[in-house]
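Geometric and topological summary
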Amino acid sequence: MPRDGERPRAEEFFARDPAKADKAFFGRESHADRRGFLRGAGLATMSAMLGMTIPYHRNMPQGLIPAAFAADDVLVGKDGLTLLNDRPVNAETPAHLLDDAITPTARHFIRNNGIPPESVDPAAWTLTVDGLVDNPMTMSIDELKAQFEPVTMALVIECGGNGRFAFNPPAKGNQWTYGAVGCANWTGVRLKDVLNKAGVKSDVIYTAHVGADGHLSGDPGKLPISRGIPIGKALTDNVLIAYEMNEGPLHLMNGAPLRLVVPGWPGSCSQKWLARIYLREVVHDGPKMTGTAYRVPNRPVEPGEKVEEEDFVIIERMPVKSLITNPQNGAAVGETVEVRGHAWSGDRTVEILDISKDFGATWQRAELDAPINEGAWQNWRAEMSFPQAGYYEIWARATDSEGDSQPFAINWNPKGYLNNTMHRIAVRVG
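This structure is a prediction, so every number in the text was calculated from the model and none was measured. Note on numbering: residues in each chain are counted from 1, in written sequence order. With pLDDT at 70 or above as the cut-off, local features in this predicted model cover only qualifying residues; side-chain atom pairs require 80 or more to be listed or tallied, and sums for whole chains, interfaces and linings still use all residues. The side-chain numbers reported here are obtained from all heavy atoms of the structure, hydrogens and water having been left aside.

**Comments concerning the overall build of the protein chain**
Per the convention used, a helix needs a DSSP run of H or I reaching at least four residues, while a strand needs a run of E reaching at least two, with both numbered from the N terminus. When you go through the protein chain residue by residue, the secondary structure sums to 6 helices and 23 strands. When a residue's accessible area, from a 1.4 Å probe over protein chains only, is under 20% of the maximum for its type it is buried; when over 50% it is exposed; and in between it is partly exposed. The buried share of the protein chain, reckoned over its 430 residues, is 54%. With the model as given, the accessible surface of the protein chain reaches about 18000 Å², and the carbon-plus-sulfur share is 49%. Using the Shrake-Rupley algorithm and a 1.4 Å probe, accessible areas are obtained, with residue cover drawn only from the displayed protein chains.

The following block contains the structure:
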């Protein structure tokens, strides 16, 4: 068992409750002998993650982790992610493993609110679009592909609570550090094309999204999460209904076989295991759309200040942010090192990326790439030299197209959302 404050490893999760672990990771709970599990969706998912069949699967005991997955802090089908929570499964990617310009599927973070559905067969999946539309529709994934233009875009998804670990007083929830973000290539169809074909009625102001994942309680009448977005955002060009990730199938934990991708807004808007979209004449009030969920105070507040529920507002665009992906925090480096990373800012672009080695006394301008498409993060790099051996911190600060820059101090809020303070890493020279 992990010591107090430590995060559970995948093997420990399976050892404690193998049936529950099978359910959480593979989408179906195994029986005592696992044979039923390994005849159905569980076997299909496990085989897909391995990339091949398992000839002797009938001999596998309950809760066994294939050796291909059995390494410290590694989740099935993922490379080096850190497990924050096992019910539901949530895992982040260490910053240095996000160095790729496009985030590999194996290194994209996981944010679940419920239990993944048992059956995720793309051939049997359907999406219903209804509510305040002229022509309600129910379509298979093949029909989506046939009826609408396919689009591939690099798009950022970031959890609204990314960076929550730094809040003081602490905020409840997954204690994400920096790794609840990724920018994969997503292939799908534009949400606006689907909505336009359905016919958006004039009084629509909001979408509502429904996934096929189950509530943690097991109650089939409850949804773990159902969020929505203003219709204006839904009708932009880079909100996708995605059925591929990095030119391959979606990973089970990233919403296979169908999900929304709403770049630049909290990742909770990007409904996974997407089964239904309906249009409403009011702001959607599904689970985690009301109260204080994914909301912040409508004004700056003091750390620890009590805020009345009516003073919270829904989070829309995410703030300007940057991430240092090389060198790794704590690394030993030479007198000169290439510093690189990514920067992004909601629906805006990043215009300037500066780095500092002297605790912010002076700043060095980095080379900053333009986004490859609207909604993608921007890659940056710079050569940094150090005057002598010793301990240094490298700080990164992004400034966006509206002049907003990352702050040094955290802007506290009760739920621990939107931490966009400058990313800092330590290096040792010489």
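**Let's talk about the pattern of salt bridges**
Each reported salt bridge corresponds to a side-chain nitrogen of Lys or Arg within 4 Å of a carboxyl oxygen of Asp or Glu. A full pass over the atoms with the stated rule returns 21 salt bridges. In this structure, Arg299 engages Glu305 in a salt bridge whose closest nitrogen and oxygen atoms are separated by 3.4 Å. The class for Arg299 is partly exposed, based on a relative accessible area of 33%. Overall, the relative accessible area of 27% leaves Glu305 in the partly exposed class. The partner of Glu338 in a salt bridge is Arg340, and the shortest N-O contact between them spans 2.7 Å. With relative accessibility at 29%, the residue Glu338 sits in the partly exposed group. On the accessibility criterion, Arg340 (26% relative accessible area) is partly exposed.

**Structural notes on a nonpolar patch on the surface**
Side chains of Ile205, Val282 and Val283 sit close together on the surface and give an oily, nonpolar patch of about 200 Å² of accessible area. Secondary-structure assignment places Val282 in the loop between β12 (274-280) and β13 (295-297). Here a patch means residues that are over 30% exposed by relative accessible area and free of salt bridges, tied together within 9 Å if like-charged and within 5 Å if nonpolar (Val, Leu, Ile, Met, Phe, Trp, Tyr).

**As for the environment of Leu132**
With respect to the helices and strands, Leu132 occurs in the loop between β4 (126-131) and β5 (137-140). Contact between two residues is taken to exist if any of their heavy atoms lie within 4.5 Å; hydrogens are not considered. Ignoring any residue separated from it by four or fewer positions in sequence, one finds Leu132 in contact with Gly199, Val200, Lys201, Asp203, Val204, Leu279, Arg280 and Glu281.

**Some details on the packing of aromatic side chains**
Where two aromatic rings form a pair, the distance of their centres and the angle of their planes describe that pair. Any pair of Phe, Tyr and Trp rings, taking the six-membered ring for Trp, is counted once the centres come within 6.5 Å. Such a pair is stacked with planes under 30 degrees apart, edge-to-face with planes over 60 apart, and tilted for the rest. With the rule as written, the count across this model stands at 7 aromatic pairs. Between the aromatic rings of Phe109 and Trp176, the centroid separation amounts to 6.2 Å while the plane-to-plane angle is 80°, which identifies the pairing as edge-to-face. A residue pair is termed long-range when its members are at least 10 positions apart, and Phe109 in the loop between β2 (89-92) and β3 (110-111) and Trp176 in the loop between β6 (151-158) and β7 (181-190) qualify at 67 residues. Residue Phe109 is classed as buried on the basis of its relative accessible area, which comes to 4%. Ring geometry for Phe359 and Trp395: centres 6.1 Å apart, planes at 85°, overall edge-to-face. Taken as a pair, Phe359 in the loop between β18 (350-356) and β19 (364-365) and Trp395 in strand β22 (residues 390-400) lie far apart in primary sequence, 36 residues in all. When its relative accessible area of 48% is taken as the criterion, Phe359 is described as partly exposed.

**As for the sheet that holds β2**
Two strands are said to pair when DSSP picks up at least two bridges between them. Pairing is antiparallel in the open sheet, where 3 strands are placed in the order β1-β2-β3. Each of the sheet's edge strands pairs with one partner strand only, and the pair in question is β1 (82-86) and β3. As paired strands, β2 and β3 are joined by 2 bridges and run antiparallel to one another. Paired with Ala91 across the two strands is Ile110, which belongs to β3.

**Considering the pairing of β2**
Side chains of β2 alternate between two faces, with Val89 and Ala91 and Asn90 and Glu92 buried alike. With 4 bridges connecting them, β1 and β2 associate as antiparallel partners. Considered in β2, the bridge of Leu83 is made with Ala91. Counted along the chain from β1 to the antiparallel partner β2, the turn is 2 residues long.

**Observations concerning the pairing of strand β8 (residues 206-211)**
Among the 6 residues of β8, 6 are classified as buried, and the element is accordingly described as predominantly covered. Burial of the side chains of β8 extends over both faces: Tyr206, Ala208 and Val210 are buried on one face and Thr207, His209 and Gly211 on the other. The sheet contact formed by β8 and β12 spans 6 bridges and is antiparallel. Each bridged residue has a counterpart across the sheet, and for Val210 the counterpart in β12 is Arg276.

**A closer look at the nonpolar core**
As used in this record, nonpolar core signifies buried Ala, Val, Leu, Ile, Met, Phe, Trp, Tyr and Cys residues forming a set joined through side-chain atoms within 4.5 Å. Grouped together as the largest cluster of nonpolar side chains are 32 residues, with contacts concentrated most on Leu144, Val194 and Ile241. Sorting the residues of this core by element identifies β4, β5, α4 (141-147), α5 (191-198), α6 (231-234), β9 (240-245) and β12 as the ones contributing at least two each. Residues Val320, Val339, Tyr392 and Ala396 belong to the second largest nonpolar core, which totals 22 residues.

**Observations regarding the confidence of the model for the protein chain**
One confidence number per residue, pLDDT, is output by the predictor and ranges from 0 to 100. For the protein chain, per-residue confidence averages 89 on the pLDDT scale, and 84% of positions sit at 70 or higher. Contacts from residues 1-9, a stretch scored under 50 in pLDDT, to residues over four places away or in other chains number 19 contacts. Across residues 32-41, where pLDDT falls below 50, the model places 31 contacts with residues more than four positions away in sequence or in other chains.

**Observations regarding unusual backbone geometry**
A cis amide bond links Asn168 to the next residue, Pro169, at an omega of 5°. In this fold, Pro169 is placed in the loop between β6 and β7. Omega for the peptide link from Ala256 to Pro257 comes to 10°, which places this bond in the cis form. Mapped onto the fold, Pro257 is located in the loop between β10 (248-249) and β11 (259-261). Within the chain, Asn246 stands out as a residue other than glycine whose phi angle is a positive 55°.

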